[in-house]
Amino acid sequence: MPQSKQPQTRWAWVEIDRGALRKNVRAFKRLLRGRERMCCVVKADAYGHGAAECCQIMQQAGADMFAVATVLEGVKLREAGITLPILVLAEPPLGAIPALLEHNIMPTVYTVEFALAYGECAVQAGTVGRYHLAVETGMNRIGVPCTEAVEFRRGIDFHRGLACDGVFTHFATADDPDGWDYQLQRKRFDEAVRAMRDAGLDCGTVHCDNTPATIFDPASHYDMVRVGIGLYGLMPCESARGRIELEPVMSVRARVTRATQPAMGEGVGYGFTYRVPRTTVQICTLPIGYADGLARVLSNRMEVLYRGQRVRQVGNICMDQCMVAIQSTPGHPVPEAEYGDIMTIVGRDGGAEITMDEMAALRGTINYEVACNFGMRLEKVYL
Ligand SMILES: *Cc1c(COP(=O)(O)O)cnc(C)c1O
């Protein structure tokens with residue numbers, strides 16, 4: 001990778017592969033075959049990938065809408081020049097209403113109090129407050145109970161400052177589309193949408209599919225799908241592998257800031273949880289730590305790639321740095337590292353690869369959290 005693309009002030013960074021992101025968006029567009037619209041979920045700074053930059057690419061590749069988790073995430077996208085519709089996937093507090101209207105960001109709605117306050121402010125601003133109704137179908141997180149959707153709509157839709165732009169729900173078990181829990185949520189959502197339509201209420205854009213539901217259940221796409229993790233080239237679950245071709249978008253790399261050969265018995269890092277077993281072990285420092293998303297629980301358990309080979313991380317991971325040990329074994333020589341050499345924390349190096357999934361398994365979490373965490377502080381380089 002060209003030197004000029006690397007951050008000037010720090011030897012640890014995240015690489016974002018624009019081409020892979022574009023390919024992934026198009027792979028999902030092909031799955032939809034142009035029938036349904038695509039909402040790209042870019043909450044948490046696009047799962048750590050940098051929302052403003054990712055949205056530009058997604059917009060070019062055919063996104064129809066963006067979904068964020070917070071109002072400020074939406075405001076940032078508007079300030080970055082994003083013009084497509086933006087939906088906040090939860091109902092914000094009343095204090096967020098002026099920002100929503102000023103920046104033309106749609107809230108999710110499920111309380112009468114918020115809806116009417118939003119409508120009032122919209123009238124005062126000489127506009128109409130478009131909203132998406134969240135329907136609670138079984139996840140027990142947010143939304144109007146599915147059996148009360150018609151009544152709720154009647155209680156707010158009289159307001160001339162409100163317009164329903166969409167109706168949605170969210171699945172708790174979309175990775176198991178044959179399961180009873182998923183089927184029940186689908187059935188409840190179907191019934192709520194039908195009841196509203198029967199009552200003459202316009203539902204706007206109807207949507208419920210996250211990445212796994214989009215991949216597994218084409219019959220549930222409705223008018224739009226909400227794809228998140230898949231856009232970033234990560235599988236929502238093992239069973240999705242083979243159903244769609246995706247390319248990982250994020251890699252994490254660092255350069256060696258120090259390489260030494262401490263004496264046998266010397267400790268490494270806080271608490272000396274690793275001691276140098278032989279004099280021939282080289283200890284290399286990398287300027288990336290748990291405040292960059294490299295979870296401390298990985299200490300002494302993870303590996304990084306150096307010149308296409310796996311080497312062990314050793315000692316407790318610090319807030320901003322960590323150490324790795326380079327130790328040749330008979331029949332498995334690893335070249336000595338030098339100041340400035342590149343190591344790969346996540347991604348490919350030669351024939352070797354460390355995936356978000358590998359790291360997630362080591363941490364006892366999911367790839368979503370691993371990617372988000374790397375977005376915290378590391379500078380992003382867009383290739
Ligand atoms: C995060 C989220 C999504 C996207 O989920 P993925 O599994 O990343 O595709 C869709 N809808 C809602 C409501 C969400 O919170």
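Provided above is the structure to which this section pertains.
Residues numbered from 1 in each chain as written. Predicted model: local features only at pLDDT ≥ 70, side-chain atom pairs only at ≥ 80, totals over all residues. Heavy atoms only, no water.

Trainee: Would you mind showing me how to read the overall build of the protein chain here?
Mentor: The number of helices and strands found in the protein chain is 11 helices and 21 strands. Oriented by its inertia axes, the alpha-carbon framework of the protein chain measures out at about 80 × 45 × 40 Å. Each of the 383 residues in the protein chain was classed as buried or not, and the buried ones make up 53%. Considering only residue pairs separated by 6 or more positions, the protein chain has 66% of its internal contacts joining residues 24 or more positions apart. If the 41 positive side-chain charges of the protein chain are averaged to one point and the 44 negative ones to another, these points end up 4 Å apart. (Helix = DSSP H or I, 4+ residues; strand = E, 2+ residues; numbered from the N terminus. Buried < 20%, exposed > 50% of the residue type's maximum accessible area, 1.4 Å probe, protein only. Contact = heavy atoms within 4.5 Å. Lys, Arg positive; Asp, Glu negative; His and termini not counted. Charge placed at Lys NZ, Arg CZ, Asp CG, Glu CD.)

Trainee: How should the site of the ligand be read in this particular structure?
Mentor: Taken together, 13 residues are adjacent to the ligand, and Lys43, Tyr47, Thr211, Arg226 and Tyr368 come closest. Take His170: an N or O atom from its side chain is 3.4 Å from a nitrogen atom of the ligand. A distance of 2.8 Å separates a nitrogen atom of the ligand from a polar side-chain atom of Arg226. Coverage of the ligand by the protein chains reaches 94% of its 390 Å² of free accessible surface. The set of elements that each furnish at least two residues to the shell around the ligand consists of helix 2 (43–47) and strand 10 (224–227). Of the residues contributing to the shell around the ligand, the split by class is 6 nonpolar, 4 polar and 3 charged. (Near = heavy atom within 4 Å. Polar contact = N/O pair within 3.5 Å; in protein donor to acceptor, adjacent residues only side chain to side chain. Areas by Shrake-Rupley, 256 points an atom, 1.4 Å probe, with all protein chains shown as cover. Nonpolar A, V, L, I, M, F, W, Y, C, P; charged D, E, K, R; others polar.)

Trainee: Help me understand the packing of helix 10 (residues 356–363) against helix 11 (residues 367–374) in this model?
Mentor: Between two packed helices, the angle of one axis relative to the other and the distance separating the axes together describe the packing. Orientation of helix 10 relative to helix 11, taken along the N-to-C sense of each, is 105 degrees, at an axis distance of 8 Å. Judged by the angle between their axes, helix 10 and helix 11 are roughly perpendicular. On helix 11, the residues touching Met356, Asp357, Met359, Ala360 and Arg363 of helix 10 are Asn367, Glu369, Val370, Ala371, Asn373 and Phe374. Among the residues making up the contact of helix 10 with helix 11, the classes are represented as 6 nonpolar, 2 polar and 3 charged. (Axes fitted to C-alpha atoms, helices over the stretch in contact; angles between N-to-C directions. Parallel < 35°, antiparallel > 145°, perpendicular 65-115°, else oblique.)

Trainee: What exactly am I supposed to notice about the pattern of salt bridges here?
Mentor: For side chains of opposite charge, pairing can occur when their charged atoms come near one another. Scanning the entire structure with this criterion turns up 19 salt bridges. For Asp45, the salt bridge goes to Lys380, with nearest N and O atoms at 3.7 Å. Taken as a pair, Asp45 in helix 2 and Lys380 in strand 21 (residues 379–382) lie far apart in primary sequence, 335 residues in all. Connected through salt bridges with shared partners, the residues Arg10, Asp292, Asp320 and Arg377 form a single ionic network. (Salt bridge = Lys/Arg side-chain N within 4 Å of Asp/Glu carboxyl O.)

Trainee: In this structure, what is going on with the pairing of strand 11 (residues 250–255)? I would like to understand it.
Mentor: Most of strand 11 sits out of view: 6 of its 6 residues are buried. Where burial is concerned, the two faces of strand 11 agree: the one with Met250, Val252 and Ala254 and the one with Ser251, Arg253 and Arg255 are both buried. Here 5 bridges tie strand 1 (residues 12–16) to strand 11, and the two strands are oriented antiparallel to one another. Across the sheet, Ala12 pairs through a bridge with Ala254, a residue of strand 11. Where strand 11 meets strand 19 (residues 342–349), 4 bridges bridge the pair, whose relative direction is antiparallel. Residue Ala254 lies in a different strand from strand 19, and its bridge partner there is Met343. (Pairing = 2+ DSSP bridges.)

Any functional reading would require information beyond the geometric quantities listed.
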